[in-house]
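Structural characterization, general
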Amino acid sequence: MKRLFRKSVWACPPCLAMAAVLCILLQACNRSATSPAVPILKVNLETDSPDVDELFSRIEVVPLEESDSSLVMRLTRVLPYKDKLFVVDRKIPACFLFDKDGNFIRQVGRMGNGPGEYYQIEDGFVDESRQEFSLLDCNGIWFVYDLDGKYLRKQWLSDGGACQSLVQAQDGYFAFWFLTQKDREAIRLFDTAGQYVKGYWHQPFQFNFMLFKPFYRYDGKAYFSTACYPSVYELSADTLREVYRWDFGDKGLDPQVVQIIAKSDESGPDDGYDKAGKFLFEGRLAFVQQNQYQTDRYYYVQLMKVRNEQWLFTNVFYDKRSGHSLVFDKVKEGFPVSPLFMNDEYLLTTVAYKDFGLLKSVLPAEEYAKLEALDEESNPCLLRMYFK
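Notes on the structure in this doc start here. Computed from a prediction, not measured in an experiment: that's the story for all the values here.

**Description of the packing of aromatic side chains**
For the coordinates displayed, the defined rule picks out 34 aromatic pairs. Judged by centre distance (5.5 Å) and plane angle (80°), the rings of Tyr-298 and Phe-317 are edge-to-face. Placement of Tyr-298 in strand E22 (residues 298-307) and of Phe-317 in strand E23 (residues 310-319) is noted, with a sequence separation of 19 residues between them. Take Phe-317: its relative accessible area is 1%, and that puts it in the buried class. Ring plane angle 45° and centroid distance 5.7 Å describe the contact between Tyr-298 and Phe-387, whose orientation is recorded as tilted. Pair noted here: Tyr-298 is in strand E22 and Phe-387 is in strand E27 (residues 381-387), with a separation of 89 residues, a long-range link. Overall, the relative accessible area of 8% leaves Tyr-298 in the buried class. In this structure, Lys-320 is placed above the aromatic ring of Tyr-299, and the distance from its NZ or CZ to the ring centre is 4.7 Å. A cation over an aromatic ring shows up here: Arg-384 above the ring of Tyr-346, its NZ or CZ 5.6 Å from the ring centre.

**Focus: a negative patch on the surface**
Taken together, the side chains of Glu-66, Asp-68, Asp-375, Glu-376 and Glu-377 define an acidic patch exposed on the protein surface. If you trace the backbone, Asp-375 turns up in the loop between helix H6 (365-372) and E27. On the basis of relative accessible area, Asp-375 is assigned to the partly exposed category, the value being 43%.

**Let's talk about the layout of surface pockets**
Empty space within the second largest pocket amounts to approximately 960 Å³. Along the walls of the second largest pocket sit 38 residues, with Pro-80, Glu-128, Arg-217, Phe-341 and Met-342 positioned nearest its centre. Among the elements of the structure, strand E3 (75-81), strand E4 (84-89), strand E9 (121-127), strand E13 (163-168), strand E17 (215-218), strand E21 (288-294) and strand E25 (339-342) are those that each provide at least two residues to the lining of the second largest pocket. In terms of residue class, the lining of the second largest pocket is made up of 17 nonpolar, 8 polar and 13 charged.

**Comments concerning the sheet that holds strand E14 (residues 174-178)**
Ordered in space as E13-E14-E15-E16, the 4 strands form an open sheet in which the pairing is antiparallel. Since the sheet does not close on itself, it has two edges, and those belong to E13 and strand E16 (196-200), each with one partner. For this sheet, the mean angle separating the axes of adjacent strands, direction not counted, is 25°. When strand E15 (residues 187-190) meets E16, the two strands line up antiparallel, connected through 4 bridges. Across the sheet, residue Arg-188 finds its bridge partner in E16, namely Gly-199.

**Some points on the state of the cysteines**
Taken as a whole and judged by the stated rule, the model has 0 disulfides. Considering cysteine sulfurs only, Cys-95 is the nearest to Cys-381, which forms no disulfide, with 19 Å between them.

**Regarding the side chain of Thr-295**
Here Thr-295 shows up in the loop between E21 and E22. Under the relative-accessibility criterion, Thr-295 is labelled buried at 1%. Beyond its immediate stretch of four places on either side in the chain, Thr-295 contacts Tyr-218, Lys-320, Met-342, Asn-343 and Asp-344.

**As for the environment of Thr-192**
Tracing the backbone shows Thr-192 in the loop between E15 and E16. Residue Thr-192 is classed as partly exposed on the basis of its relative accessible area of 35%.

**Brief notes about the packing of helix H4 (residues 255-263) against helix H5 (residues 272-282)**
Packing of H4 against H5 leaves a shortest axis separation of 8 Å and a crossing angle of 155°. As summarised for this structure, H4 and H5 are arranged roughly antiparallel, according to the angle between their axes. Crossing handedness for the pair H4 and H5: right-handed. Where H4 abuts H5, its residues Val-257, Ile-260 and Ile-261 lie against Gly-272, Lys-275, Ala-276 and Phe-279. Per-class residue counts for the contact of H4 with H5 are 5 nonpolar, 1 polar and 1 charged.

**Digging into the sheet that holds strand E10 (residues 132-137)**
Ordered in space as E9-E10-E11-E12, the 4 strands form an open sheet in which the pairing is antiparallel. Where the open sheet ends on each side, the last strands, each with one partner, are E9 and strand E12 (151-156). Each adjacent strand pair in this sheet contributes to an overall mean axis angle of 20°, direction not counted. Bridging between E9 and E10 involves 6 bridges; their strand directions are antiparallel. For Phe-125, the partnering residue across the bridge sits in E10 and is Ser-134.

**Digging into unusual backbone geometry**
The linkage connecting Ile-92 with the following residue, Pro-93, adopts the cis geometry, with an omega of -10°. Following the sequence through the fold, Pro-93 ends up in the loop between E4 and strand E5 (94-99). Positive phi, close to 55°, is recorded for Gln-131, a residue that is not glycine. Note on Gln-131: relative accessible area 39%, which makes it partly exposed.

**Observations regarding empty space enclosed by the protein**
Using the criterion set out here, one finds 1 cavity of 30 Å³ or more in the structure. Of the voids in this model, the largest cavity is the one considered here, and its volume is about 60 Å³. Contributing elements (two or more residues each) for the lining of the largest cavity: E10 and strand E11 (141-146).

The rules we used
- Residues numbered from 1 in each chain as written.
- Predicted model: local features only at pLDDT ≥ 70, side-chain atom pairs only at ≥ 80, totals over all residues.
- Heavy atoms only, no water.
- Phe/Tyr/Trp six-rings, centres within 6.5 Å; stacked < 30°, edge-to-face > 60°.
- Helix = DSSP H or I, 4+ residues; strand = E, 2+ residues; numbered from the N terminus.
- Buried < 20%, exposed > 50% of the residue type's maximum accessible area, 1.4 Å probe, protein only.
- Lys NZ or Arg CZ within 6 Å of the ring centre and 35° of its normal.
- Patch = residues over 30% accessible without salt bridge, like charges linked within 9 Å, V, L, I, M, F, W, Y side chains within 5 Å.
- Areas by Shrake-Rupley, 256 points an atom, 1.4 Å probe, with all protein chains shown as cover.
- Salt bridge = Lys/Arg side-chain N within 4 Å of Asp/Glu carboxyl O.
- Lys, Arg positive; Asp, Glu negative; His and termini not counted.
- Charge placed at Lys NZ, Arg CZ, Asp CG, Glu CD.
- 1 Å grid on protein atoms, 1.4 Å probe; cavity = no way out; pocket = protein on both sides within 12 Å on 5 of 7 lines; lining within 4 Å.
- Points joined across faces, edges and corners; volume = space filled by probe spheres on them.
- Nonpolar A, V, L, I, M, F, W, Y, C, P; charged D, E, K, R; others polar.
- Pairing = 2+ DSSP bridges.
- Axes fitted to C-alpha atoms, helices over the stretch in contact; angles between N-to-C directions.
- Disulfide = S-S within 2.5 Å.
- Contact = heavy atoms within 4.5 Å.
- Parallel < 35°, antiparallel > 145°, perpendicular 65-115°, else oblique.
- Left-handed = near helix turned anticlockwise from the far one by under 90°.

Structural data, given as C-alpha cells:
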C-alpha cells in the first residue's frame, strides 16, 4: 500500500501547528485572570544525540496488523487504554481498534451517513469515567462508542463549526478547538449534552488554522498550549490559568517576525497563513511548537523546523527533578523519536521502514524479529519506549 505525502506546509503530520505570539496583547486578552508566578523552564536548544538507554529502559515493537479491514493510510492519533489501542486515520477517514500488541480487533464506525458513521475524523478521546470512546467529526459532531467499539450515540454541538480537537477538563466539560476568526473564541467548552458553557482565546485566523491539536491531559487535568507562545495553561470552565512557561533564550522565536504574521490579513493574497509558512522555510521563523505532554518526571515539547527544505523535529525533555534538559533530533543510534502519546510509564512513536536496521543494537532478538517480518508496504509500526 503506497503512502502519500502531502507537501502543504501545515498538513504534513505532525506538522499541523502554529499559533499567535502577541507577547503583551495576547497575555492581557486571553488569560482569564492575572497569573501568579509560574515555573520558567529555561532550555538551551543546542542539540545532542543521547543514547537510547539514557532515557529508556526497554523498547517493545508494536506492528499494527494489516488486513483488508485494517489498512492504515495516515496514522494521525493513537489513544491507548488498558490493553487496547484506538488508532485514528484522518486520511481514509477511519478508526481502528487493536490490542496492545497490535492485533486487529475491529473498525470503529466508518465513513458514511448511517448510525455511527462519520464524514471526517479529526480527533478522538477516551472517557474513562463513562467508559466511552468518542470520535470528533469536523462539522461539530462527536460520535460515542463503548470501549469495545460498539456505537452508542451521536452528539451535536449547540455552537458547532470547524472543530479540530477535543479534551475533557477536570470539571467534566469538553473543550473543543475551533478554526475561527479572531471575533470568535477558538476554545469553546460544552457539557455532555452538547450545550455551550464558555469560551476562551481570541486570535487571528491564521494562528488558529495552524494549530490543530493544542490540548493534552495530565493527572486528570486538561492543558492548552500554542505553537509560538511559550506559556502552557490549565483549562476548565472556571479558568484558563498559566501554569508554566518555556524560555529558549536567544534561540527562541523572534517576536518581530511573529508580529508580522499576526498583523497580516486573515485571508486573501499573502495572508498570514501563507506568510508563516514562507518564514518557516526561509528560517526567519526558527521553529513552531508541536505536541506537548507532561509526566511525573518530564515536561515535553516538540519543535518543528525546516532545514535545507527538509522537516526536522526536535524533542525537548525537561527534567522536573534536575532542571536539566535533553534536546535531540535523533538518538545516538540514528533514528528519530516523535511521540504520538506519552504517560508516566512510556511513550509511543512510529518507526519508519528505512530505520528498522538502526534498532537492531537496542532491541532483543524477539522484538527485532517483529520488524524483520514487515516490509515497506506494511501498516505503520509503533515503538513502545519505556522511561527509565
